[in-house]
Each structure stands twice: as C-alpha cells, then as structure tokens.
Amino acid sequence: QLLGNQDHIKVELEKLKKTYDLQQQKLEERVITMGKELQEAKGATGDTQHKLAEQSAVLLTSQSQLQEVEAENSRLQLRLKELNEEYRSRLAQYIKDVADYMDSKPSNVTGPSKAPADHAHMKRLVDSMLKDIRASYKSREEQLAGAARGYKKRMKNLVKKHENLLIAYRLQREQIWSLGSSAMDCGPAELHFSVTDPELLTNTTRELNRLREDKAKLEMQLHELQKVVAGLLAFCEGETGGQQLDEKGWAEVRQQLREFAHTTQEDLEQERSQLLTRAIVAEEQVSELQEYIDKHLAR
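Parameters and conventions
Residues numbered from 1 in each chain as written. Predicted model: local features only at pLDDT ≥ 70, side-chain atom pairs only at ≥ 80, totals over all residues. Heavy atoms only, no water. Helix = DSSP H or I, 4+ residues; strand = E, 2+ residues; numbered from the N terminus. Buried < 20%, exposed > 50% of the residue type's maximum accessible area, 1.4 Å probe, protein only. Contact = heavy atoms within 4.5 Å. Areas by Shrake-Rupley, 256 points an atom, 1.4 Å probe, with all protein chains shown as cover. 1 Å grid on protein atoms, 1.4 Å probe; cavity = no way out; pocket = protein on both sides within 12 Å on 5 of 7 lines; lining within 4 Å. Points joined across faces, edges and corners; volume = space filled by probe spheres on them. Nonpolar A, V, L, I, M, F, W, Y, C, P; charged D, E, K, R; others polar. UniProt positions renumbered as here; feature names shortened; annotations may be inferred. Patch = residues over 30% accessible without salt bridge, like charges linked within 9 Å, V, L, I, M, F, W, Y side chains within 5 Å. Salt bridge = Lys/Arg side-chain N within 4 Å of Asp/Glu carboxyl O. Core = buried A, V, L, I, M, F, W, Y, C linked by side-chain atoms within 4.5 Å. Polar contact = N/O pair within 3.5 Å; in protein donor to acceptor, adjacent residues only side chain to side chain. Expected span 1.5 Å × (residues − 1). Axes fitted to C-alpha atoms, helices over the stretch in contact; angles between N-to-C directions. Parallel < 35°, antiparallel > 145°, perpendicular 65-115°, else oblique. Left-handed = near helix turned anticlockwise from the far one by under 90°. pLDDT = per-residue confidence, 0-100.

As annotated in an unreviewed UniProt entry, the chain is CCD78 protein from Fregata magnificens.

We now examine the overall build of the chain. Of the regular secondary structure elements, the chain holds 4 helices and 0 strands. Secondary structure of the chain in N-to-C order comes out as α-α-α-α. When the 299 residues of the chain are sorted by exposure, 15% land in the buried category. In the chain, of all internal contacts separated by at least 6 residues, the share reaching a separation of at least 24 is 61%. Carbon and sulfur atoms make up 58% of the accessible area of the chain, which amounts to about 24100 Å² in all.

On inspection of all chains with the given rule, the structure shows 1 cavity of 30 Å³ or more. The volume enclosed by the largest cavity comes to roughly 50 Å³. Along its surface, the largest cavity is lined by Arg 170, Glu 190, Leu 211, Arg 212, Lys 215, Leu 275, Leu 276, Ala 279 and Glu 283. Where the lining of the largest cavity is concerned, the elements lending two or more residues are helix H3 (203-238) and helix H4 (247-297). It is H4 that contributes the most residues to the lining of the largest cavity, 4 residues altogether. Of the residues belonging to the lining of the largest cavity, the class tally is 4 nonpolar, no polar and 5 charged.

Here the UniProt-annotated "coiled-coil region" (unreviewed entry) positions come out as residues 59-93 and 201-228. Helix and strand shares over residues 59-93 are 100% and 0% respectively, and the end C-alpha atoms of the span are 50 Å apart.

Here we come to a nonpolar patch on the surface. On the surface, a cluster of nonpolar side chains totalling about 300 Å² of accessible area is made up of Ile 9, Leu 13 and Leu 16. The residue Leu 13 is located in helix H1 (residues 6-104) in this model. When its relative accessible area of 52% is taken as the criterion, Leu 13 is described as exposed.

Leu 208, Leu 211, Leu 218, Leu 222, Leu 268, Leu 275, Ala 279 and Ala 282 form the largest nonpolar core, which has 8 residues in total. Elements supplying a minimum of two residues to this core: H3 and H4. In contact with Ala 282, other than residues within four places in its own chain, are Thr 204 and Leu 208. Grouped together as the second largest cluster of nonpolar side chains are 5 residues, Ile 95, Ala 99, Val 126 and Leu 130 included.

Further remarks concern the environment of Arg 90. Here Arg 90 lies in helix H1. A relative accessible area of 47% places Arg 90 in the partly exposed class. Here Glu 86 takes part through its side chain, which lies 2.8 Å from a polar atom of the side chain of Arg 90.

Here the focus is H1. For H1, which comprises 99 residues, the first-to-last C-alpha distance of 141 Å matches the rise-based estimate of 147 Å (1.5 Å per residue) to within 8%. Here the buried face of H1 lies against helix H2 (121-179).

Next up on the list: the packing of H1 against H2. Where H1 meets H2, the closest approach of the two axes is 8 Å, and the angle between their N-to-C directions is 165 degrees. In terms of their interaxial angle, H1 and H2 are classed as roughly antiparallel. Viewed along their axes, H1 and H2 form a crossing whose handedness is left-handed. Of the residues in H2, those touching H1 at Arg 88, Ala 92, Ile 95, Lys 96, Ala 99, Asp 100, Met 102 and Asp 103 are His 121, Met 122, Lys 123, Val 126, Met 129, Leu 130, Arg 134, Tyr 137 and Glu 141. Its residues placed into classes, the contact of H1 with H2 shows 9 nonpolar, 1 polar and 7 charged.

The subject of this paragraph is the pattern of salt bridges. Taken as a whole and judged by the stated rule, the model has 4 salt bridges. Note that Glu 86 is salt-bridged to Arg 90, the shortest N-O span being 2.8 Å. With a gap of 4 residues between them, Glu 86 and Arg 90 both fall in helix H1, about one helical turn apart. The exposure class of Glu 86 is partly exposed, given its relative accessible area of 32%.

Summarising the model, the chain shows a mean pLDDT of 77, and 80% of its residues fall at 70 or more. Taken element by element, the predicted model of the chain shows its lowest mean pLDDT in H3 (73) and its highest in H1 (86). When the criterion is pLDDT under 50, residues 110-117 qualifies, and its contacts beyond four places in sequence or with other chains add up to 3 contacts. Segment residues 240-245 is flagged for pLDDT under 50; beyond a separation of four residues in sequence, or across chains, it makes 1 contact in the model.

Spelled out as structure tokens, the structure:
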C-alpha cells in the first residue's frame, strides 16, 4: 500500500515544500522589513538624541544668559534708583532757585488800587509743593518697606515651619532607627533637606546645620562599623568544628569582637545623643528667639 501511494506522497511533499518555501520567503521579507524599520527607528532615535543634546545646550546657554540678564537688570535697577535720587535732589534745588529768583524780583504792580506784591508767595507755593512730593515719596517708601517686612515675615514663618518638619522627620527616623531592623530604610539624613540659602540662614540655623552634618557623619560611620562587625561575626560563626583545637581561641575572638562592637557602638550612640541634645537645645533657642522677634522687635 505504501509503494502504491508513493506518487501521492511525492505530491504532498512537493506541496509541503512549496508551502515551506513560501512561508520562508514571507518570513525573510518580514525580517528585511523589520530590519529597515529598526534602522529607521535607530535613525529617529539618533536624531531625537541629537535634538535633545542641542536643546540641552540651548537650555544651558539660555540659563546662563538669564542669570547674566538678571544681574544686569539688578545693576540697572540700582543705577535707576541712584539717578532718580539725583534727579529728585536736582529738581528740588532748581525749583528752589526759581522760587528765590521770582521772589527777589521787584514788583511791577503800581497804583493805589493795587496791593503790594507778596515776595514770599512763590517760595510758600514751592515749599508746599515740595512738602507734598516728599509726603508722597515717604508714603510710597513706607508702603514698600511694609511689603518687604511682610515678605521677610512670611519667609521666616516658612523657615520655622520647615524647621518643625525637620524636627518631626528626625523623630520619625529615630523611631525607625530604634527598631533595629536592617531591612527598614530610615531615609536620607535631615541635612539633605536643610535650608542652604544664605539670606535665610541665621547663626543658630548654621549651628543646627553643622550639628546635623556631624550627626549624619556619625550615622554613616556607625552603619559602616555595624556592617564590618556583622561580617566578622558571620565569618567567625561560619567556621566549622574541623578546628577542634582552636575552639577556645575562636570563642575569645568572638567575645572580643562583640565587646569591641558594643563599646564602639556605645561611644557613637553617646556622642550622637549629645549632638541630638545640642540640636534640641538649639531648636528651642530658635523658637524662643523667633517668638521674641515676633512679639517685641516688630513693635
């Protein structure tokens, strides 16, 4: 039966071969198309990266130009203020000179029906006008000074709230740290969120930032030391009983390592607690000084 169906099998094989060749051709065409698309995508990506690099360069240049323009604007505003002051003083002097000249001129009014000329009339008028100008300038200056004081007060309130948030963040880190779990992340040190603007920093705030920096360094040292001690203890604990003769020696080494880790950790914790105490005292002093400024100095 197989020999009799040999022709039929050959036909089926030819069909399968043609189908395979057709699918192989379609697959190759698809691969070629996908390769072209990939090349186009790479080209588009390269163009996009090139454009991003150009835009980054333009952005950096624009930022630099913006800083230069802001500095130039500040300089021009200061120069404008100086010119305004000079102009005001010159204008007032010119008006006084004109008033003195007008009052010093002899009156041309004659006749019995005419009243004698008042030589000080122009001077009184000019003095009144200058008084009004000075009053308007003084009012404007007081308004600007009040706005500046309000802005400074708002900034101080924001700094105070920021300090309170840092205190709460520190307490939260202390609670997480006290749990003693290495799997928990306490987050970055509070120094990472400290205010660095020189205009907003006071002496007490600088001292607090310095204490926070010292505390962060101590925390890093303590963490590194704990890792080293943990590695040494794991190494000692991992030694098998194949060294029966040195069992007492290993016990002494482990005991010394534990004592060293305990002593060093106690010293670091004591220094850290002292820094925390100093930070708390400094924070209380900041609060008292801020309360005193708000109540007494403003009045």
